Amino acid sequence: MTICIDMGTSRICALVSGKGVVINEPNLAAIDSYTGEILAFGDALENVKGRNPASFTVQSSVENGRIVKYDLCEKILKFIINRLCGERVFRPDIRITTHSGTDDLEERVLRDMLKSCGARSCEILSEGYCAAMGAGAGYTDKAGTCVLNIGAGKTDFALVAGGELISSLEVPFGGNLITQAVQNFAREKKLCEISFDEAEKLKLQLGSAMPSESDIAFTVSGKDTQSSLPRLCEISNTELFSVVTECLTPFTKELRSAFELIPPEFAEDIDKRGVILTGGCSNLSGISKYLSYALELDTVLTPEPGLCAVKGLDRSKIRGGLFKAGRHS
Ligand SMILES: Nc1ncnc2c1ncn2[C@@H]1O[C@H](COP(=O)(O)OP(=O)(O)OP(=O)(O)O)[C@@H](O)[C@H]1O
Ligand SMILES: [Mg+2]
């Protein structure tokens, strides 16, 4: 049994080879404050963070695409592997994504962790590479495929040709930055303190990278910054549009410099094929059009962009010792 796992800043996706995606849930775990054991995981914890009683905490092990709590990460991986393997006698082969800047030490720690979770073998692949493979980059296709994987905590920029990673870079931008900017806007301009979850709701409902012809407003609950009393906060799509574009302007500047990495031999391929958009934040309304305009290149939105990386893990061939794209042990 081969299990592919994409541990993201906001979501965790797992796929069983031959079966398809079996887990696509928030990357959150409820930890018993006394025993340290996992009480609940994923979907069960949506809207619980910050509202939990003292008997448990709701935690995530990944920040900005990086594992920051290794003990917790190991518990979550064990929980998932047990859930998927049940009473099976044979140990699973595990494939997992990691951020593009992963060094040897981080990779060794991850490999040891997977072994102690019961993996028979493990393959560690960079998320940008996997996103490109999941978006359809082929092994026999020698032309370059350029992918942006825009997640919650970071964006992977990757160029893949012939099933090999040519170059990759991580850009410090993700959907969480937009959500935090919405929170800041509510605090500073509307004098209302709103939770991350409420700001996320606003972003998902009305957030857009393109201006809208009609004016629509959405109301969320918050706390008055002066009186601290609960009150409603109304934000319009026009206001959200300016918040979103303020976040996207520095992002496109960094993306433009990421293109310096691309060897001139691939320039024509990218000009012809455009840039493929993957990652959950590619679902943001108008982002494809915005980036196409800002980068002066065509952009192609993939179906189910948040699942490209885990699907790409499944499509990747195991090739021991391959630098950057992954190592097998
Ligand atoms: N319709 C939508 N509009 C705007 N943003 C969206 C939409 N759907 C998902 N997102 C955003 O996509 C992000 C999640 O994407 P994804 O699951 O690819 O991230 P991740 O893999 O958890 O993070 P990372 O790869 O950065 O570690 C969140 O910030 C979420 O708000
Ligand atoms: Mg991701």
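Residues numbered from 1 in each chain as written. Chains lettered and ligands numbered in written order. Predicted model: local features only at pLDDT ≥ 70, side-chain atom pairs only at ≥ 80, totals over all residues.

Participant: Which parts of the structure should I look at to understand the domain arrangement of the protein chain?
Facilitator: Accessible area lost during the coming together of the parts is what is often quoted as the interface size. Segmentation of the protein chain into domains returns domain 1 (2-129 + 312-328), domain 2 (131-173 + 248-305) and domain 3 (175-244). Taking the mean C-alpha position of each, domain 1 and domain 2 sit 25 Å from one another. Taken together, the contact pairs 19 residues of domain 1 with 20 residues of domain 2. At the level of elements, helix 3 (127-134) and helix 9 (308-315) are the ones that each hand at least two residues to the side of domain 1 that touches domain 2. Each residue belonging to the side of domain 1 that touches domain 2 can be placed in one class, and the counts come to two nonpolar, twelve polar and five charged. (Domains from an automatic or database assignment. Contact = placed C-beta atoms within 7 Å. Helix = DSSP H or I, 4+ residues; strand = E, 2+ residues; numbered from the N terminus. Nonpolar A, V, L, I, M, F, W, Y, C, P; charged D, E, K, R; others polar.)

Participant: Got a minute to help me understand the packing of helix 4 (residues 175-189) against helix 6 (residues 237-258) in this structure?
Facilitator: To describe two helices that pack against each other, one gives the angle between their axes and the distance between the axes. Two elements in contact, helix 4 and helix 6, have axes whose closest approach is 9 Å; the angle formed by their N-to-C orientations is 130°. Of the possible angle classes, the one that applies to helix 4 and helix 6 is oblique. In the crossing of helix 4 with helix 6, the sense of the turn from one axis to the other is right-handed. Here helix 4 contributes Leu177, Ile178, Ala181, Val182 and Phe185 to the contact with helix 6, which in turn contributes Glu239, Leu240, Val243, Val244, Glu246 and Cys247. Residues of the contact of helix 4 with helix 6, tallied by class, amount to nine nonpolar, no polar and two charged. (Axes fitted to C-alpha atoms, helices over the stretch in contact; angles between N-to-C directions. Parallel < 35°, antiparallel > 145°, perpendicular 65-115°, else oblique. Left-handed = near helix turned anticlockwise from the far one by under 90°.)

Participant: What's the story with the sheet that holds strand 5 (residues 38-41) in this structure? I'm lost.
Facilitator: Pairing is antiparallel across the open sheet formed by three strands, whose spatial order is 5-4-6. Each end of this open sheet is capped by a strand with a single partner; those strands are strand 5 and strand 6 (56-59). Averaged over all pairs of adjacent strands, the angle between their axes in this sheet comes to 25°, without regard to strand direction. Relative to strand 6, strand 4 (residues 29-32) runs antiparallel, the two sharing four bridges. Bridge pairing in strand 6 places Ala30 opposite Val58. Where helix 1 (residues 70-85) meets the sheet, its contacts fall on strand 4, strand 5 and strand 6, and the angle it forms with strand 5 comes to roughly 70°. (Pairing = 2+ DSSP bridges.)

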